[in-house]
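Chain residues, written in single-letter form:
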Amino acid sequence: MITMYEDVDALGRAVANLFLKKACLAVAERGKFTVSLAGGQTPQRIYEILAKPPYSEQIPWEGIHIYWGDERYVPADDIRSNQLMARKAFLDHVPIPPHQIHPIVCNTTPEQAAKKYEEVIVSTFLEEVPQFDFIFLGLGSDGHTASLFPNTSVLQEKKHWTGHVYLTELDSHRVTMTAPLINNARTVAFLVTGDSKAQIVCEVLKGPQDLLRLPSQMIVPENGELFWFLDQGASKLLNANKK
Ligand SMILES: O=C(O)[C@H](O)[C@@H](O)[C@H](O)[C@H](O)COP(=O)(O)O
């Protein structure tokens, strides 16, 4: 489902309402709510909304389990760290039990970090194919999501739930969940804002399929729900349902 909002605050409230609803249902039915976080500025704004009333008072934090969809391969206290961003934006301000927060640890090699993170996922999910309750994703202007970047070998990964990638143009290593893991989620929510994303949003959602060039097109949950939350800028080339 594609929905368009007036501004980031309206979009944020809609995402927070969905998150709250899904969290309450999951905790009531299964005793926990497993969440995967994204990096980027738009997700950061949403985390800040979740950490404040009325959401902070209603979300069943004690049942929330936190993971990351991708991580820049940097120390946890580096300004580029997705973990650091999420901790500052909301994890430090809400009562999630610390042992339920599972960061991607970057203190060995990118390959080892990806392998270890897969082990963390496998050991904390009971099912054979781990099924996240809620996955947040951003969209890069080049069509990437998580750290599934165009024309990289991790896009071909079919056997593993995590992988790593070296990005020459950024001179940076990243660890990422793979598309098969993301596609097994119950709910996947893309959060995209700003005029600078309008063109790529249009290509990903309305253009011809080109999975190597537009990895975000790989994200089509097999049995789950897919939401695209867009603001006016990001959706201006689309004919979205206005909320
Ligand atoms: O670590 C990251 O950078 C990401 O996880 C990445 O996939 C991000 O979500 C998009 O690039 C959108 O980021 P913006 O919202 O800042 O444009």
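Residues numbered from 1 in each chain as written. Predicted model: local features only at pLDDT ≥ 70, side-chain atom pairs only at ≥ 80, totals over all residues. Heavy atoms only, no water.

As recorded in an unreviewed UniProt entry, the chain goes by 6-phosphogluconolactonase and comes from Pelosinus propionicus DSM 13327. Under the UniProt heading Pathway (unreviewed entry), the note attached to the chain is "Carbohydrate degradation; pentose phosphate pathway; D-ribulose 5-phosphate from D-glucose 6-phosphate (oxidative stage): step 2/3." Taken verbatim from the UniProt record of the chain, the Sequence similarities (unreviewed entry) comment is "Belongs to the glucosamine/galactosamine-6-phosphate isomerase family. 6-phosphogluconolactonase subfamily." (UniProt positions renumbered as here; feature names shortened; annotations may be inferred.)

Asks: Would you mind going over the pairing of strand 9 (residues 225-231) with me for this structure?
Replies: Strand residues, when the strand is regular, have side chains that alternate between the two faces of the sheet. Counting buried positions along strand 9 gives 5 out of 7 residues, so the element sits mostly inside the fold. By the bridge criterion, 4 bridges tie strand 1 (residues 2-5) to strand 9 in an arrangement that is parallel. Of the residues in strand 9, the one forming a bridge with Tyr5 is Asp231. Bridge analysis of strand 8 (residues 187-192) against strand 9 gives 6 bridges, and the strand direction is parallel. When the sheet's bridge partners are listed, Thr187 is paired in strand 9 with Glu225. (Buried < 20%, exposed > 50% of the residue type's maximum accessible area, 1.4 Å probe, protein only. Helix = DSSP H or I, 4+ residues; strand = E, 2+ residues; numbered from the N terminus. Pairing = 2+ DSSP bridges.)

Asks: How do you make sense of the site of the ligand when you look at a structure like this?
Replies: The local shell around the ligand holds 16 residues, among which Gly39, Gln41, Asp70, Arg72 and Lys197 are the closest. Separating an oxygen atom of the ligand from a side-chain N or O atom of Asn82 is a distance of 2.9 Å. His144 has a polar side-chain atom sitting 3.0 Å from an oxygen atom of the ligand. Here the ligand has 420 Å² of accessible area as a free molecule, and 88% of this is covered by the chains. Of all elements in the fold, only helix 2 (41-50) and strand 4 (70-72) reach the threshold of two or more residues within the shell around the ligand. Each residue belonging to the shell around the ligand can be placed in one class, and the counts come to 3 nonpolar, 9 polar and 4 charged. (Near = heavy atom within 4 Å. Polar contact = N/O pair within 3.5 Å; in protein donor to acceptor, adjacent residues only side chain to side chain. Areas by Shrake-Rupley, 256 points an atom, 1.4 Å probe, with all protein chains shown as cover. Nonpolar A, V, L, I, M, F, W, Y, C, P; charged D, E, K, R; others polar.)

Asks: Where do I start with the side chain of Glu71 in this structure?
Replies: Along the chain, Glu71 turns up in strand 4. Put simply, Glu71 is tucked away with no salt bridge, and the nearest opposite charge, on Arg72, sits 5.3 Å away. A polar contact of 2.7 Å, which involves the side chain of Glu71, links it to the backbone nitrogen of Asn82. At 2.9 Å, the side chain of Glu71 and the backbone nitrogen of Gln83 are in polar contact. Not counting residues up to four positions away in its chain, the partners in contact with Glu71 are Arg80, Ser81, Asn82, Gln83, Ile104, Cys106, His173, Arg174 and Val175. (Lys, Arg positive; Asp, Glu negative; His and termini not counted. Salt bridge = Lys/Arg side-chain N within 4 Å of Asp/Glu carboxyl O. Contact = heavy atoms within 4.5 Å.)

Asks: Explanation requested: the environment of Pro150 in the structure shown.
Replies: Positionally, Pro150 belongs in the loop between strand 5 (134-137) and strand 6 (162-167). Between the C-alpha atoms of Pro150 and Gly233, which are 83 residues apart in sequence, the distance is 23 Å. Contacts of Pro150, omitting those with residues within four sequence positions, involve Asp142, His144, Leu155, Leu212, Arg213 and Pro215.

Asks: Which parts of the structure should I look at to understand the sheet that holds strand 6?
Replies: Each strand in a sheet pairs with another by means of backbone hydrogen bonds, the pair being arranged parallel or else antiparallel. Here 3 strands make up an open sheet; going across it, the order is 4-7-6 and the pairing antiparallel. Only two strands of the sheet have a single partner each, and these edge strands are strand 4 and strand 6. Ignoring strand direction, the axes of neighbouring strands in this sheet form an average angle of 20 degrees. Where strand 4 and strand 7 (residues 172-177) come together, 3 bridges link them in antiparallel fashion. Residue pairing in the sheet places Asp70 in a bridge with Thr176 of strand 7. Taken strand by strand, helix 5 (residues 110-124) contacts strand 6 and strand 7, and its axis lies near 155 degrees from that of strand 6. (Axes fitted to C-alpha atoms, helices over the stretch in contact; angles between N-to-C directions.)

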